[in-house]
Amino acid sequence: IFEAASPSRLCSFGRNLLSASPFTSSMIEIFFVGLTTAATLFAALSAWMSYRVSNSALNFQKNYAKNQQLIAQLNSTISKLRTVKYLISNTMSISDDQVGTIEPLFIEVRLDLLRLEEIGAFDYSSHRISKVTSLGEMIDEISSENTYLAEVINALEARIACIFK
């Protein structure tokens, strides 16, 4: 019932199949032209996306290099403000030596904020913390309502974020 198919018989079947329809070979050519076109399109899209990413990275690096000193000043001031906030929040649990560092650190922070205001990077006088002048007032005002320092920290972090937009 079943005959074994010989290789020559299978090859002649394939040739007969391809030669049976005149559109088959042209359809295969069109298919491969379509695949080549799609591959070219995707390669161009990939190149364009690569260009956009590298251009964005270059702009970020330029912006960072241009503002590196300002970013360092802002980060340093934020770090000092967080230290002051921690020390004032924990005046009962820290040592006397650490309590003694609060006022000099706060004065240093005020000077940093004034320097930032001089170069136009921060509006120190518009914040409530600019009204605090002495250590006693600082501990009373800031520890009872700990938003003074958080307000300035948030404003400085927003300034850093604004640089990178």
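Residues numbered from 1 in each chain as written. Predicted model: local features only at pLDDT ≥ 70, side-chain atom pairs only at ≥ 80, totals over all residues. Heavy atoms only, no water.

### Some details on the nonpolar core
One broad rule of soluble globular proteins: the nonpolar side chains tend to lie buried together.
Link 1 in the chain: Grouped together as the largest cluster of nonpolar side chains are 28 residues, with contacts concentrated most on Leu 113, Leu 116 and Leu 156.
Link 2 in the chain: Within the residue set of this core, elements represented by two or more residues are helix H2 (23-89), helix H4 (102-118) and helix H6 (147-163).
Link 3 in the chain: Here the element with the most residues in this core is H2; it accounts for eight residues. (Core = buried A, V, L, I, M, F, W, Y, C linked by side-chain atoms within 4.5 Å. Buried < 20%, exposed > 50% of the residue type's maximum accessible area, 1.4 Å probe, protein only. Helix = DSSP H or I, 4+ residues; strand = E, 2+ residues; numbered from the N terminus.)

### A short note on the packing of aromatic side chains
Link 1 in the chain: Inspection of the entire model under this criterion finds four aromatic pairs.
Link 2 in the chain: Pairwise contacts between aromatic rings join Phe 60, Tyr 64 and Phe 164 into one cluster. (Phe/Tyr/Trp six-rings, centres within 6.5 Å; stacked < 30°, edge-to-face > 60°.)

### As for the environment of Arg 110
Link 1 in the chain: Here Arg 110 lies in helix H4.
Link 2 in the chain: Residue class for Arg 110 comes out partly exposed when judged on its relative accessible area of 22%.
Link 3 in the chain: Taking the C-alpha atoms as reference points, Arg 110 and Ser 130, 20 residues apart in sequence, are found 7.8 Å from one another.
Link 4 in the chain: If we skip the residues at most four places from it in the chain, Arg 110 touches Tyr 124, Ser 130, Val 132 and Thr 133.
Link 5 in the chain: Engagement of the side chain of Arg 110 in a polar contact is seen with the side chain of Tyr 124, the distance being 3.0 Å. (Contact = heavy atoms within 4.5 Å. Polar contact = N/O pair within 3.5 Å; in protein donor to acceptor, adjacent residues only side chain to side chain.)

Taken by themselves, the reported measurements are silent on function.
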